[in-house]
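Examining the three-dimensional arrangement
Here is how the chains run, residue by residue.
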Amino acid sequence: MALSPQETEVQLRAATAGFDCLFANELDKAREIFASGDSPFHSLGLGVCAFLEAALGMETGLMAEASRLLALAEAGAKKQLKFAKSSATKTTQFPPGTEWELLHSDAVILLGLTHALSESYMGYLQCLYAMNSAHSKFSKLYKTVYPNGLQNYATPAASSASSRAASIYSEASGSSSQAAAPKQTKSGFLSRFTGVSLTVPAAPQTPIVAEEGSVDELVLSGAAFGYGLFNLVFSLLPAKIRGVVGFLGFHHDRKLALKALAVSAAKSDVHAVFAGLALITYHGVVLLLSGYQADEAHIVKQYRAVVDKLESRYPTGSLWILNRAKILRMCYDPDGAIKVLQDGLEPGHPHTFAQADGLLIFELAWTLLSQRRYQDAADAFIRMTQINSWSHATYFFIAAGCHISLGNFEKAQEFLDRIPELIEKRKIGGKDLPTEVFIKKKLAFYKEKQLALTGSEANYAHAAKISPAEELGIFWNTHARITRETAIAHLKDWATCLNPPPAIETALLEEHVPASSLSPISPSSPEKPPADTTDELAIRSLLLGIVHRTAGDYAGSRAFLGDAEARHATVKVSTWVGGVAWFEHAVLDLKEMEARSEAAIAAGLGTDVEEWARVLKGALEKLDKALSLATQQVDLSSRLDSRITMLKDEIGLKKEMLGLTV
């Protein structure tokens, strides 16, 4: 039965109350509200609940239920769309049925993402089909709702003229009062048939005004959200995958994506919340993983503005508590971040959304690890095994590394012994997760080393001289946003844990590590210990290069990173070291130049654009070298690929800020 305009408004507002409960961690109450109605809005709400549980917790058992509920929402929206197009009555300021077209697109994209969570080839194919369908729909919706672009629409935080304004400017959104010329794009395979591309011409416009909570607002916010999300997701894909989706007709504009998501986030409907979540996730990932930001202060400002808005609306929601803590961690206040996370896990908060709470525990675990609070970190990672079914082997591996750092080899060995069975249980489609492939190689490495040292593989945890938790932390960039004191504590450990000791002399080593502690022969044991492996020596140099940079010793950092790069040819198992070392070297060049530039500006000397151009060029060359080493055979290469993409974008933005040709 077709819903009248009045009924549509009533059903939307009723379902919105359910989403409010969901975002406030009241999952059970949200489900009750969604189950009380039979409109497509309510069906979508039930599907979103199941989807978030499946996605946030990687719970494979919930994927079938999420698919079923989202399929019902899709069918319901499609039915209402058919009724609306055959009726002369308009519910919104837009063409009849626009709201149902939007809801149908929401269901399609969530259904596609649910298929992808299965990590099967069929799931990926179903996801690609759904993404193509939703891409076409959202692009058409965007052109319908925003025919002249997004200029003059409010966003949660405006950019200052001297800041990172480039991050929300694009040819499609426009910043001038003059109409922009249409941007030419290449046609992909599917776009030749759909006639859709992700670029539209701009022209002056008067923003459409919509009442808060109305169907009009739903359409305005939803069209911007869907369009922005597609642009952002496609722009963040690894280079090899971007080439494939480009052939299929998916083109992207990250600046426009951020602008569209910000326009959506300024609204009050459910899409505004998801747009805010997309923005803060993106900002958090860039701050954590890109290594260098062209305008960090602007990112933090945008990040904080969205979190402030959502946290004030849903103060008990784990997702917003999580990102409040992330901001503190990114701003070098780990103790503040830990307190926020621990407070969010207190009994006084609603805890019916276990998967969202799991994100708090996961962030807490990494933050504790970054602060060398190894026992607390180990406990938090083991606690994760009680929250979700994602790689328990990874949690136990990191916890074992924490106990190795504590010298508790018996507990470490207990955890390591459990890992092979956990990996076998977790296999999806007969394949191991990327982190588990890495872990299996490390376990074999430790066993081989222990056998060579003692004649037996027993108690092979003793063979791990560098904590595997710290080693895996390199991929999460755990050692970049720590205090100088923590960096120096790491330096003392890693400079003295292997034989032979580092041959490189740095100011930090001279100040904090006595020469006697670097000697391979100790007074209590006059015999020279056996040499450690080339893999470990390369990893040591990489870690020492990173913490020297964090502590501000750029010359020392360059020496150790150069040593890690040189040792790449000698490693046998840790073939990822070379690519990561070149990436970290590029980050070093940029951070050192930033420090020199800030000092020059403070001295009244201005910005040396020519020197910046040279450094940016050199950084790009190092990133190309890193990418060439990140082949499919290299552990966690897709993660490095994504980090390279993010850093290249930051370099592009820096060029724009300096007025250099991109």
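Described below are features of the structure shown in this document. Only a predicted model underlies this, so the values are computations on that prediction, with no experimental measurement involved. (Residues numbered from 1 in each chain as written. Predicted model: local features only at pLDDT ≥ 70, side-chain atom pairs only at ≥ 80, totals over all residues. Heavy atoms only, no water.)

What follows is about the overall build of the protein chain. Counting its secondary structure elements, the protein chain contains 27 helices and zero strands. Counting every position in the protein chain, which comprises 662 residues, the buried fraction comes to 56%. Contacts in the protein chain between residues far apart in sequence, at least 24 positions, make up 71% of those at least 6 positions apart. Of the roughly 26900 Å² that the protein chain leaves accessible, carbon and sulfur atoms contribute 56%. (Helix = DSSP H or I, 4+ residues; strand = E, 2+ residues; numbered from the N terminus. Buried < 20%, exposed > 50% of the residue type's maximum accessible area, 1.4 Å probe, protein only. Contact = heavy atoms within 4.5 Å. Areas by Shrake-Rupley, 256 points an atom, 1.4 Å probe, with all protein chains shown as cover.)

On to the pattern of salt bridges. Here the structure, examined in full by the defined rule, presents 35 salt bridges. Residues Arg567 and Asp563 are paired through a salt bridge, measuring 2.8 Å at the closest nitrogen-oxygen approach. Of this pair, Arg567 and Asp563 both sit in helix 24 (residues 554-567), separated by four residues, roughly a single helical turn. In this structure, the salt-bridge partner of Lys617 is Glu621, at a minimum N-O distance of 2.7 Å. Here the residue Lys617 and the residue Glu621 both occupy positions in helix 26 (residues 609-629), the gap between them amounting to four residues, near one helical turn. Overall, the relative accessible area of 45% leaves Glu621 in the partly exposed class. (Salt bridge = Lys/Arg side-chain N within 4 Å of Asp/Glu carboxyl O.)

Another aspect to go through is the packing of aromatic side chains. Taken as a whole and assessed by the stated rule, the structure comprises 23 aromatic pairs. Seen from their ring centres, Tyr142 and Tyr227 are 3.8 Å apart, and the 10 degrees between their planes marks the pair as stacked. Taken together, the positions of Tyr142 in helix 6 (residues 121-145) and Tyr227 in helix 8 (residues 215-236) put the pair 85 residues apart, joining distant regions of the chain. On the accessibility criterion, Tyr142 (0% relative accessible area) is buried. Look at Phe225 and Phe274: their rings are 6.4 Å apart centre to centre, the planes differ by 40 degrees, and that puts the pair in the tilted class. With Phe225 in helix 8 and Phe274 in helix 11 (residues 270-289), this pair connects stretches of sequence that are 49 residues apart. (Phe/Tyr/Trp six-rings, centres within 6.5 Å; stacked < 30°, edge-to-face > 60°.)

Of note, Lys442 is situated in helix 19 (residues 434-454). Accessibility expressed as a relative area gives 4% for Lys442, which makes it buried. Setting aside chain neighbours within four positions, we find Lys442 in contact with Phe397, Glu471, Ile539 and Ser574.

Let's shift gears to unusual backbone geometry. Glycine aside, the phi torsion of most residues is negative, and most peptide linkages are trans. The peptide bond linking Asn499 to Pro500 adopts the cis configuration, its omega dihedral lying at 5 degrees. Of note, Asn152 is a non-glycine position whose phi angle comes to about 75 degrees, a positive value. Tracing the chain through its elements places Asn152 in the loop between helix 6 and helix 7 (191-194). Owing to a relative accessible area of 55%, Asn152 belongs among the exposed residues under this scheme. Phi is positive for Asn459, close to 55 degrees, though the residue is something other than glycine. Inspection of the secondary structure assignment puts Asn459 in the loop between helix 19 and helix 20 (468-473). Its relative accessible area of 46% is what places Asn459 among the partly exposed residues.

Now for the nonpolar core. Ile419, Leu542, Trp576, Leu590 and Leu647 are the most contacted members of the largest nonpolar core, which has 101 residues in total. Within the second largest apolar cluster, 94 residues are counted, among which are Ala15, Ala223, Leu287 and Leu288. (Core = buried A, V, L, I, M, F, W, Y, C linked by side-chain atoms within 4.5 Å.)

With that settled, the discussion passes to the packing of helix 23 (residues 534-550) against helix 25 (residues 577-602). Following both chains from N to C, one finds helix 23 and helix 25 inclined at 15 degrees, their axes separated by 11 Å at the closest point. For the element pair helix 23 / helix 25, the angle class is roughly parallel. Handedness of the crossing formed by helix 23 with helix 25: left-handed. Residues Ala538, Ile539, Leu542, Ile546 and Arg549 of helix 23 pack against Val577, Val580, Ala581, Glu584, Val587, Leu588 and Lys591 of helix 25. Taken together, the residues of the contact of helix 23 with helix 25 break down into nine nonpolar, no polar and three charged. (Axes fitted to C-alpha atoms, helices over the stretch in contact; angles between N-to-C directions. Parallel < 35°, antiparallel > 145°, perpendicular 65-115°, else oblique. Left-handed = near helix turned anticlockwise from the far one by under 90°. Nonpolar A, V, L, I, M, F, W, Y, C, P; charged D, E, K, R; others polar.)

Moving on, we get to the packing of helix 24 against helix 25. Each pair of packed helices can be described by the angle between their axes along with the distance between the axes. Put simply, helix 24 and helix 25 touch, their axes get as near as 9 Å, and they point 160 degrees apart. Comparing their axes, helix 25 and helix 24 come out roughly antiparallel. Here helix 24 runs over helix 25; the crossing is left-handed. Seen from helix 24, the contacting residues are Tyr554, Ser557, Arg558, Leu561, Ala564 and Glu565; seen from helix 25, they are Val577, Ala581, Trp582, Glu584, His585, Leu588, Asp589, Lys591, Glu592 and Ala595. For the contact of helix 24 with helix 25, the class distribution of residues is eight nonpolar, two polar and six charged.

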